[in-house]
Amino acid sequence: MATFTVDNKTMHYLDKGEGPVLVFGHSYLWDSAMWDPQIEVLSLHYRCIVPDLWAHGKSDAAPEKTRNLRDYADDILALLDHLNVDEFSVIGLSVGGMWAAELAIKVPARVKSLVMMDTFIGYEPQVTHAKYFAMLDTISEVKLVPAPMVDVITPMFFARNAETENPELVSHFRNNLMSLKGEQAVEVARIGRMIFGRRDTFDDIEKLVLPTLIVVGAEDIPRPPLEAQLMHDAIDGSEYLVIPGAGHISNLEKPEVVTEKLVEFLAKAI
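Small disclaimer: the values here were computed from a predicted structure and weren't measured.

Trainee: Looking at this structure, I do not really get unusual backbone geometry. What am I missing?
Mentor: A negative phi angle is the norm for most residues apart from glycine, just as the trans form is the norm for most peptide bonds. Even without being a glycine, Asp7 presents a positive backbone phi close to 50°. In this fold, Asp7 is placed in the loop between strand 1 (2–6) and strand 2 (9–16).

Here it is in structure tokens:
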């Protein structure tokens, strides 16, 4: 992992491979290692840049100036400028897809293609907004994720049969969630407020003309296929894929399917 500094805060990122640049954004409550199955294949033909989101993985807490996902897109843009990367494609899952859209809106001439997986670029629905903010308030107050909350959050990230089909993956996530404590828990909750308090980017993203792929797990609970369909309908010419048997972390639940689709899409788009 390499490092980059923004306002005295250190961002860690993976930089692997050579060729056209792919920038990856991971899910909330995960880290850059989430993309390992895809990076193993794609780095043979592309330069893959995979940052740890602020307060996730090895990255520090977010700088004070980073108050929303537009600001975070600026941080990623600063990293790419530092690396002298002019043109790139963005592949984002969950919050990674949200800031990927913000990045494409900021510098449309530099973005070659866009992949948004298990994400939504509209406002957070009112019911889930209230639910998630209540959870974040609790995490900030007690500086950890209480066991009952771990039991609620964990199944939200996976397909219904994940405990049977991917027990190690589910256990890994659960253990990481239980280990989140102290100031890191507070900072992770701060990032959560940026995510679930995000702006609606539909009007802006509809104006973009670039190859776009929208992917969603058929059993995604927090970002259901209906939301992905809305994005597909709004973005002219976008491709759309629903992955059977996958939940929110579709790239790890069905890695071969996702990797194959990315290889196919990028070969056409770049």
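Trainee: Looking at this structure, how should I read the nonpolar core?
Mentor: Soluble globular proteins tend to bury their nonpolar side chains together. If you look at the biggest cluster of nonpolar residues, it comprises 98 residues, and the most contacted ones within it are Leu29, Trp30 and Phe88. Setting aside residues up to four positions removed in sequence, Leu29 forms contacts with His56, Ile153, Phe157, Phe173, Leu177, Leu180 and Val188.

Trainee: Before we go on, may I ask you to explain the sheet that holds strand 4 (residues 47–51) in this structure?
Mentor: The strands that make up a sheet pair up through hydrogen bonds in the backbone, lying either parallel or antiparallel. Ordered by their spatial adjacency, eight strands build an open sheet running 1-2-4-3-5-6-7-8, and the pairing between neighbours is mixed. Of all the strands in the sheet, the pair left with one neighbour each is strand 1 and strand 8 (239–243). The average undirected angle you get between the axes of adjacent strands in this sheet is 20°. Here strand 1 pairs with strand 2 via five bridges, running antiparallel. Paired with Thr5 across the strands is Thr10, a residue of strand 2. Across the face of the sheet, helix 10 (residues 225–234) comes into contact with strand 7 (212–217) and strand 8 while running at roughly 170° to strand 7. The sheet contacts of helix 12 (residues 255–269) involve strand 3 (21–25), strand 5 (88–93), strand 6 (111–117), strand 7 and strand 8, and relative to strand 6 the element is tilted by about 155°.

Trainee: What exactly am I supposed to notice about empty space enclosed by the protein here?
Mentor: In total, this model carries two cavities of 30 Å³ or more according to the counting rule given. Approximately 290 Å³ is the volume attributed to the largest cavity. Lining the largest cavity are 22 residues, with Tyr28, Leu29, Tyr132, Phe157 and Phe196 sitting closest to its centre. Contributions of two or more residues to the lining of the largest cavity are made by helix 3 (95–106), helix 4 (126–142), helix 5 (147–156) and helix 8 (182–196). Per element, the largest residue contribution to the lining of the largest cavity is four residues, and it comes from helix 4. Classifying every residue of the lining of the largest cavity by side-chain character gives 18 nonpolar, three polar and one charged. If you add up the space inside the second largest cavity, you get close to 30 Å³. Contributing to the lining of the second largest cavity are Leu53, Trp54, Thr66, Leu69, Tyr72, Ile191 and Met194. At the level of secondary structure, the elements contributing two or more residues to the lining of the second largest cavity comprise helix 2 (69–82) and helix 8. Considering only residue class, the lining of the second largest cavity consists of six nonpolar, one polar and no charged.

Trainee: Where do I start with helix 3 in this structure?
Mentor: Count 3.6 residues to each turn of an α-helix, and residues three or four apart come out pointing the same way. Under the 1.5 Å per step criterion, the end-to-end length of helix 3 is 17 Å for 12 residues, consistent within 8% with the ideal 16 Å. With 11 of 12 residues buried, helix 3 lies mostly within the body of the structure. Considered for burial, the residues of helix 3 that qualify are Val95, Gly96, Gly97, Met98, Trp99, Ala100, Ala101, Glu102, Leu103, Ala104 and Ile105. Looking at the buried positions of helix 3, the neighbouring elements they touch are strand 3, helix 2, strand 5, strand 6, helix 8 and helix 9 (202–205).

Trainee: Help me out: how do you make sense of the packing of aromatic side chains in this one?
Mentor: The description of an aromatic ring pair uses the distance of the two centres, along with the angle that the planes make with each other. The full count for this structure, using the stated rule, is nine aromatic pairs. Taking the centre distance of 5.4 Å and the plane angle of 75° together, the rings of Tyr72 and Trp99 count as edge-to-face. Here Trp99 lies in helix 3 and Tyr72 lies in helix 2, a separation of 27 residues in the sequence. Assigned by exposure class, Tyr72 and Trp99 land together as buried. Relative to Phe196, the ring of Tyr132 has its centre 4.5 Å away and its plane inclined at 45°; by these criteria the two rings are tilted.

Conventions adopted
Residues numbered from 1 in each chain as written. Predicted model: local features only at pLDDT ≥ 70, side-chain atom pairs only at ≥ 80, totals over all residues. Heavy atoms only, no water. Helix = DSSP H or I, 4+ residues; strand = E, 2+ residues; numbered from the N terminus. Core = buried A, V, L, I, M, F, W, Y, C linked by side-chain atoms within 4.5 Å. Buried < 20%, exposed > 50% of the residue type's maximum accessible area, 1.4 Å probe, protein only. Contact = heavy atoms within 4.5 Å. Pairing = 2+ DSSP bridges. Axes fitted to C-alpha atoms, helices over the stretch in contact; angles between N-to-C directions. 1 Å grid on protein atoms, 1.4 Å probe; cavity = no way out; pocket = protein on both sides within 12 Å on 5 of 7 lines; lining within 4 Å. Points joined across faces, edges and corners; volume = space filled by probe spheres on them. Nonpolar A, V, L, I, M, F, W, Y, C, P; charged D, E, K, R; others polar. Expected span 1.5 Å × (residues − 1). Phe/Tyr/Trp six-rings, centres within 6.5 Å; stacked < 30°, edge-to-face > 60°.

So far we have only geometry, and geometry alone does not tell us how the molecule works.
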